[in-house]
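Analysis of the macromolecular model
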Amino acid sequence: LNRNVPGMMATCAIDKTVKLWDTSCCGGNSGSVPSVSPMPCGSRDMGVGKLYTISFYPSTPWLLGCGGSGNQLSLWDLSSEGPIRKRFGDRIDNADAVQETLADAEAAGNKEKDFEAMMAAGDAAASEKLSVNKNRKKKGQKKKKAHRAGR
């Protein structure tokens, strides 16, 4: 359960997915069995293999982390998911934190574009350097062949 967002629950499974649920529909008197099942409201393959653990980040309502059989961790920034924000946005305990998180998400989106451009430029430079090194290697291989042929 997300302690910052009442009614938001997440589950993970060996099918490699995280599922989000809305438990606010599960009414009932305290101590009684709920009459309605939680409603599914989203899922995502986290890309880290079979999932064994999941947790919401304690100081932000929109960040969820999980760990899987691939010996890696994965984070899901729920602030970028419009339907999730729409469903749960009005339930967040600290509304100021939500606005701050949303502003950070927008700024991160702009930074991500810059980062992608920088990485593309770096990839092009690395490819150029790799092709230069391959050409040098080929020249060295030809010399060895010529040297062997002369024996």
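Refer to the structure above for everything that follows.
Residues numbered from 1 in each chain as written. Predicted model: local features only at pLDDT ≥ 70, side-chain atom pairs only at ≥ 80, totals over all residues. Heavy atoms only, no water.

On to unusual backbone geometry, then. Even without glycine at this site, lysine 16 takes up a positive phi of about 75°. Relative to the assigned elements, lysine 16 resides in the loop between strand E1 (8–12) and strand E2 (17–22). Residues other than glycine seldom take positive phi values, yet asparagine 71 does so here, at roughly 55°. Relative accessible area serves as the criterion here: at 76%, asparagine 71 is assigned to the exposed category. (Helix = DSSP H or I, 4+ residues; strand = E, 2+ residues; numbered from the N terminus. Buried < 20%, exposed > 50% of the residue type's maximum accessible area, 1.4 Å probe, protein only.)

Moving on: the sheet that holds strand E4 (residues 51–56). Backbone-to-backbone hydrogen bonds join strands into a sheet, with any given pair of strands oriented parallel or antiparallel. If you trace the three strands from one edge of the open sheet to the other, you get E4-E5-E6, paired in antiparallel fashion. Two strands bound the open sheet, and with one partner strand each, they are E4 and strand E6 (73–77). For this sheet, the mean inter-axis angle between neighbouring strands, taken without regard to orientation, is 20°. Bridge count between strand E5 (residues 63–68) and E6: five bridges; the pairing is antiparallel. Note that in E6 the partner of cysteine 66 across the bridge is serine 74. (Pairing = 2+ DSSP bridges. Axes fitted to C-alpha atoms, helices over the stretch in contact; angles between N-to-C directions.)

Bringing the side chain of threonine 17 into the picture now. Note that threonine 17 resides in strand E2. Reaching out from threonine 17, the side chain makes a polar contact with the side chain of aspartate 15 at a distance of 2.7 Å. Once residues within four sequence positions are removed from consideration, threonine 17 is found in contact with Thr11, Cys12, Arg44, Asp45 and Leu51. (Polar contact = N/O pair within 3.5 Å; in protein donor to acceptor, adjacent residues only side chain to side chain. Contact = heavy atoms within 4.5 Å.)

Moving on, we come to the pairing of E2. The sheet contact formed by E1 and E2 spans five bridges and is antiparallel. In the sheet register, alanine 10 faces E2, and the bridge partner there is leucine 20. Turn length for the E1-E2 hairpin, with the two strands adjacent in sequence and antiparallel, is four residues, and the turn residue lysine 16 shows positive phi of about 75°. Bridge count for E2 against strand E3 (residues 39–45) is six bridges, and the pairing is antiparallel. By the bridge assignment, lysine 19 is partnered in E3 with serine 43.

Below, the discussion takes up the sheet that holds E3. Overall, antiparallel pairing links the three strands, which are arranged E1-E2-E3 in an open sheet. Strands with a single pairing partner mark the edges of an open sheet, and in this sheet they are E1 and E3. Going from strand to strand, the sheet's axes swing by 20° on average, the running direction of each strand aside.

Below, the discussion takes up the environment of serine 24. Its place among the elements puts serine 24 in the loop between E2 and E3. Exposure remark for serine 24: the relative accessible area of 47% places this residue in the partly exposed category. Separated by 16 residues in sequence, serine 24 and methionine 8 have C-alpha atoms that sit 7.9 Å apart. With residues near it in sequence (within four places) discarded, serine 24 still touches Gly7 and Arg91. Looking at serine 24, its side chain comes within polar contact range of the side chain of arginine 91, at 3.4 Å.

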